[in-house]
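# A look at the structure
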Amino acid sequence: MAHLQFLVKPVSSLCNLECEYCFYLDLATHQHDKPRKMTREVLSLLMDRAAEYFIQDPNDKDGTEVTANGAATADNGSNLKIIDGEHSVSFLFQGGEPTLAGVEFFKAVIEEQQRAFAKFNGRVPVFNSIQTNACRLSEELVSLLSANHFFFGVSLDGPAHVHDAMRFYKNGRGSFDEVMKGIELLRRYHAEFNILCVVTDIVVKHIAEVYAFYKDHGFYNIQFIACLDAFATMPPHPCTTDPKPSAIPFKAVEQAEHYHDCSCASNSSSDAADHAPHSCGCTDNATALRVASNTPASCASDAAKDASAVSDGKRFLSDEAYSEFLVKVFDLFYDDLINKGEYVSIRHIENYIALLLNMEINACNMTGVCRIQNVIEASGKVYPCDFYAHDDFVLGDLKDNTLAQIMNCQRAQQFVNTSRIENGSCLKCDYFKLCRGGCVRERENNVNIRCAAFKNFFAARLPKLQHAAAILSGMQG
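For the structure given in this document, a descriptive report is provided here.

So, how was this worked out
By convention here, each chain's residues receive numbers from 1 onward along its written sequence. Restriction of local features to residues with pLDDT of at least 70 applies here, the model being predicted, together with a cutoff of 80 or more for giving and counting side-chain atom pairs; totals for whole chains, interfaces and linings are based on all residues. With hydrogens and water excluded, all non-hydrogen atoms of the structure serve as input to the side-chain values. Any Lys or Arg side-chain nitrogen located within 4 Å of an Asp or Glu carboxyl oxygen qualifies as a salt bridge. For helices the rule is a DSSP run of H or I covering at least 4 residues; for strands it is a run of E covering at least 2, with both sets numbered from the N terminus onward. Each axis is a line fitted through C-alpha atoms, taken for helices only over the stretch in contact, and angles between the N-to-C directions span 0 to 180 degrees. Roughly parallel means an angle under 35 degrees; roughly antiparallel, over 145; roughly perpendicular, 65 to 115; everything else is oblique. Handedness of a helix crossing follows the sense of rotation of the near helix relative to the far helix, less than a right angle counterclockwise being left-handed and clockwise being right-handed. Here a residue-residue contact requires only that any non-hydrogen atoms of the pair lie within 4.5 Å. In the scheme used here, Gly and all other residues not listed as nonpolar or charged are polar, with Ala, Val, Leu, Ile, Met, Phe, Trp, Tyr, Cys and Pro taken as nonpolar and Asp, Glu, Lys and Arg as charged. The term disulfide is used for any two cysteine sulfur atoms that are within 2.5 Å. Only protein chains enter the accessibility calculation, which uses a 1.4 Å probe; a residue whose area is less than 20% of its type maximum is buried, one above 50% is exposed, and one in between is partly exposed. Two rings belonging to Phe, Tyr or Trp (six-membered ring only in the last case) form a pair when the distance between their centres is within 6.5 Å. Interplanar angles under 30 degrees mark stacking, angles over 60 mark edge-to-face geometry, and anything in between is tilted. Placement of a charge over a ring requires the Lys NZ or Arg CZ to be within 6 Å of the ring centre, with the centre-to-atom vector within 35 degrees of the ring normal. Pairing of N or O atoms within 3.5 Å defines a polar contact, subject to two protein rules: one partner must be a possible hydrogen donor and the other a possible acceptor, and residues neighboring in sequence count only if both atoms are side-chain atoms. Expected span, for any helix, means 1.5 Å times one less than how many residues it has. Strand pairing is defined by DSSP finding a minimum of two bridges between the two strands. Handedness of a crossover is defined as follows: orient the strands so they point away from the viewer, and if the path from the first strand over the helix to the second runs clockwise, the crossover is right-handed.

## Re the pattern of salt bridges
Here the structure, examined in full by the defined rule, presents 21 salt bridges. Here D336 ties to K340 by a salt bridge, and the two come within 3.5 Å at their closest N and O atoms. Taken as a pair, D336 and K340 lie in helix α11 (residues 319-340) at a separation of four residues, close to a single helical turn. R450 serves as the salt-bridge partner of E442, at 3.4 Å between the closest nitrogen and oxygen. A network of salt bridges, in which partner residues are shared, links R40, D48, E111, E112 and R115.

## Details of the packing of helix α8 (residues 207-216) against α11
When two helices pack together, their arrangement is given by the angle between the helix axes and the distance between those axes. Between α8 and α11, the shortest axis-to-axis distance is 10 Å and the interhelical angle comes to 45 degrees. On the basis of their axis angle, the class for α8 and α11 is oblique. For the element pair α8 and α11, the recorded crossing hand is right-handed. Contacts between α8 and α11 involve I207, A208, Y211 and K215 from the former and F325, K328, V329, L332, F333, D336 and K340 from the latter. A breakdown of the residues in the contact of α8 with α11 according to their chemical character gives seven nonpolar, no polar and four charged.

## Some thoughts on the state of the cysteines
This model, assessed by the stated rule, comprises zero disulfides. The closest cysteine sulfur to the non-disulfide-bonded C370 is located on C385, 6.5 Å from its own sulfur. On the accessibility criterion, C370 (14% relative accessible area) is buried.

## Points about the packing of aromatic side chains
Considering all chains together, one arrives at 29 aromatic pairs under this definition. With centroids separated by 6.0 Å and ring planes inclined at 35 degrees, the aromatic side chains of F330 and F333 adopt a geometry described as tilted. Within this pair, F330 and its partner F333 are both found in helix α11, separated by three residues, close to a single helical turn. Here F330 and F333 have matching classes, each one buried. The rings of F176, F193, F213, Y214, F219, F224, Y322, F325 and F454 are connected pair by pair, giving a single aromatic cluster. The ring of Y322 is capped by R450, whose NZ or CZ atom sits 5.3 Å from the centre of that ring.

## Topic: the side chain of N374
By the secondary structure assignment, N374 is in the loop between α12 (347-356) and β10 (375-376). By relative accessible area, which is 1% here, N374 ends up buried. A polar contact of 3.2 Å, which involves the side chain of N374, links it to the backbone oxygen of Q5. Among all residues touching N374, those that are not within four sequence positions of it are L4, Q5, F6, L7, V382, Y383, P384, L403 and M407.

## A few points about helix α3 (residues 103-117)
Counted at 1.5 Å a residue, the expected span for α3 with its 15 residues is 21 Å, and the 21 Å between its end C-alpha atoms agrees. Among all positions in α3, only V103, F105, F106, A108, V109, I110, E112, Q113, A116 and F117 are buried. On its buried face, α3 sits against α2 (40-52), β4 (87-93), β5 (126-132) and α4 (139-147).

## Details of the pairing of β4
Most of β4 is tucked away: seven of the seven residues are buried. Alternating positions in β4 separate into two faces, H87, V89, F91 and F93 on one and S88, S90 and L92 on the other, with burial throughout. Sheet topology note: the strand β1 (residues 2-8)/β4 ladder contains seven bridges and is parallel. Its bridge partner lying in β4, L7 is registered against L92. In this sheet, β5 lies alongside β4 in parallel orientation, the contact comprising five bridges. Looking at the pairing, L92 lines up with S129 of β5. For the segment spanning β4, α3 and β5, crossover handedness is right-handed.

Right, here's the structure in full:
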């Protein structure tokens, strides 16, 4: 079985907001290519590369097959030889703010997907999702995307006074009112969506109010995302401790000089919901547990702002606050489940429950090893992960390389292999089955920087977590 996934950046880091904690604005300063809109040419090439991945013989792209007597036949793909097993492909459009690409771009997405995948006659289903701040949603865009079964991940950090503290326009005005109007538009068109909340100290301080706000507004599908520190303050990826491998060993990847000379400093129950947006572009199998003109005018100021935050050692989520968050949000979830008979889908809690039930999950920060996420920048360059969309980690370019070449190149393999936990104390830890070491970007000396927070949570709430797992397993059965 092959599930291929892409995290597509149609306008790179360009955004109509200037959220204070945005990690991708920070990363964009480490990319030589300036932010821009993806062209139709690159988009078409992406769909062709994705489709050819599933073909047994990549040279057989038109549905032709050689029969027993040596004659070639073509029948619009019914005889096309694809690799064995069941397959699917998912595209998550993210930014920056992907809706800045415009309605015509997404019309082109649908047209190019239909063209490239028509040859498979439904044997390779395609899933689409989009992560958005919802401030620029129009009737035309929502109508188009909902009619074509796009799943929406909407960034909303809680009530206005919490949300607007971090998510604001370049003039400092908060974005809460526009987000809520965007959500109302999604509901009017019966679009499926979930809520993405970036966990900061401010969110933790008001977590009970944030949780109640979501329920009061009927938001029962939530993904809480721990806020990342700036790239330059984070430990290097373990693959940078070895000599740098080449991205594509058989074909050189053009590398222009970097902005910085640093090797690793710096969001339902349907099929669409199973491919819903995640901060890292992942998909997640724990859904079964659920009950019923492109000029970056501010680039220079953004870079200076990020550099200032880094030099000040600014962190938006302290370890103590994250420890408090894990306990408090679980208590709110558990009280609803046990005492009120209500179920709120919270992604990380569902994943813990899935692991307790020996179910497989695909959330990359909870599997213990990195995977190649196929982050496609507007330029056509491919990166392994949106947390490492940095010129030192570029794997290749769609213009020059097939996906198989990109995903199996030396740099990609080293990125994956060096991410495995080898720390003896971690492997012996009673909670390693649930923690798995967390995200590599948050590891220092092969230990997660939030290790104490995870240990505190599991020590305090593991029996209740196991109880919740038993109840949900019974409901599922």
